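Listed below, chain by chain, are the residues.
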Amino acid sequence: MTGLGAVFRPQLAPERLRAVARAADEAGLEELWLWEDCFREGGISTAAAALAWTGRVRVGVGLLPVPLRNVAVTAMEAATLHRMFPGRAILGVGHGVQDWMGQVGARAESPVTLLREHLLALRALLGGERVTTEGRYVRLDDVALDWPPGQAVEVLAGATGPRSLRLAGEAADGTVLTANTPPDGVRQARRLIDEGRAAAGRTGPHKVVVYLLAATGPGAGERLRAELVAEGVGSVPDLGVAGDAGAVAEAVERLAEAGADTVILQPTGDEPDPEGFVRFTAEEVRPLVV
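Residue numbers here run from 1 along each chain, matching the order of that chain's written sequence. Predicted model: local features are reported for residues with pLDDT of at least 70 only, side-chain atom pairs are reported and counted for 80 or more only, and whole-chain, interface and lining totals are derived from all residues. Think of the side-chain values as coming from all heavy atoms in the structure, minus any hydrogens and water.

1. Some points on helix H10 (residues 274-285)
Only DSSP runs of H or I reaching four residues or more are called helices, and only runs of E reaching two or more are called strands; each is numbered from the N terminus. Between the first and last residue of a helix there are one fewer steps than residues, each counted as 1.5 Å, and that sum is the expected span. With 12 residues, H10 ought to run about 16 Å at 1.5 Å a step, and its terminal C-alpha atoms sit 15 Å apart, in line with that. Only protein chains enter the accessibility calculation, which uses a 1.4 Å probe; a residue is then buried when its area is under 20% of its type maximum, exposed when over 50%, and partly exposed in between. Across the 12 residues of H10, 9 count as buried, placing the element largely inside the fold. Where H10 is concerned, the buried positions are Pro 274, Glu 275, Gly 276, Phe 277, Val 278, Phe 280, Thr 281, Ala 282 and Val 285. Contacts between residues were defined by any pair of non-hydrogen atoms, one from each residue, lying within 4.5 Å. Against the buried residues of H10 lie strand S1 (3-8), helix H1 (17-27), strand S2 (31-34), strand S9 (207-215), helix H9 (245-258) and strand S11 (262-267).

2. Things to note about empty space enclosed by the protein
Residues are called lining when one of their atoms sits within 4 Å of a cavity or pocket point, these points coming from a 1 Å grid over the protein atoms alone, where a cavity is a set in which a 1.4 Å probe fits but cannot get out and a pocket is an open set with protein on both sides within 12 Å along at least five of seven lines. Grid points are joined across faces, edges and corners, and a volume is the space filled by probe spheres set on the points. What the rule picks out here adds up to 3 cavities of 30 Å³ or more. Roughly 100 Å³ of internal volume is contained in the largest cavity. Lining of the largest cavity is provided by 13 residues; of these, Arg 9, Leu 12, Pro 267, Glu 271 and Pro 274 occupy positions nearest its centre. Those elements that place two or more of their residues in the lining of the largest cavity are S1 and H10.

3. A word on unusual backbone geometry
Note: most residues except glycine have negative phi, and most peptide bonds are trans. A cis geometry characterises the amide bond from Cys 38 onward to Phe 39, with omega recorded as 0°. Tracing the chain through its elements places Phe 39 in the loop between S2 and helix H2 (43-53). Omega for the bond connecting Gly 62 with Leu 63 falls within 30 degrees of zero, at 25°, which places this linkage in the cis form. Among the structural elements, Leu 63 can be located in strand S3 (residues 58-65).

Here it is, written out as structure tokens:
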């Protein structure tokens, strides 16, 4: 069955999260995803709060920008969430928006190298290994977590370009694709991810998570078109969906047929009813998605 979730967008003030998270939990939503967008809300702090306020919904962070984080800190925070809320945290890491990284003095000369080094070290630390490495960006001297996760956990990577997608297949347990990825883009991403997996000799499962920009209710079509235009992708076919649960479910199925394991519905930035959106996802769309 295709996984289904929804995003709490950081255009909403942090104090809105509690009501949305509880609505998601009560409605039976499978996954609620959060973003660490500069300069809005922290990914780990919001994830910890959402997990504490709820009892069953899984909470994903997509993504933590690696230029902002020492890998040991990423590992410590990830391990803490996984131990406090076993099986409910999903964490992804990525390059971050390069302009934002430049604003804070953290822009890497080689984002792909940084992400590779971060992924390899992070997965080793979360796996309970003691790590010593001297990379271009990641340097650890005899580092191990005192409290690693009690079970194996997945580390996902956000990726868009060919090199990053191959890297995700090579060094991550899954890949997160943006809402600017149409079904054909998902197919191409799967091919590149599989190339990376083959090059690294990896044969296990690799989860692909895809965001889908979605709008429902009054003015849905106008809100969707306005956001696509604002993102500079208004002329790209097969992006986003506006309409009732049936229309949204059909768009989800198209992404699943293209290779998505999980589809996360991304409301428009001006969604008028965030609590209603997560209920709509869980109660109306979920029954129509196989």
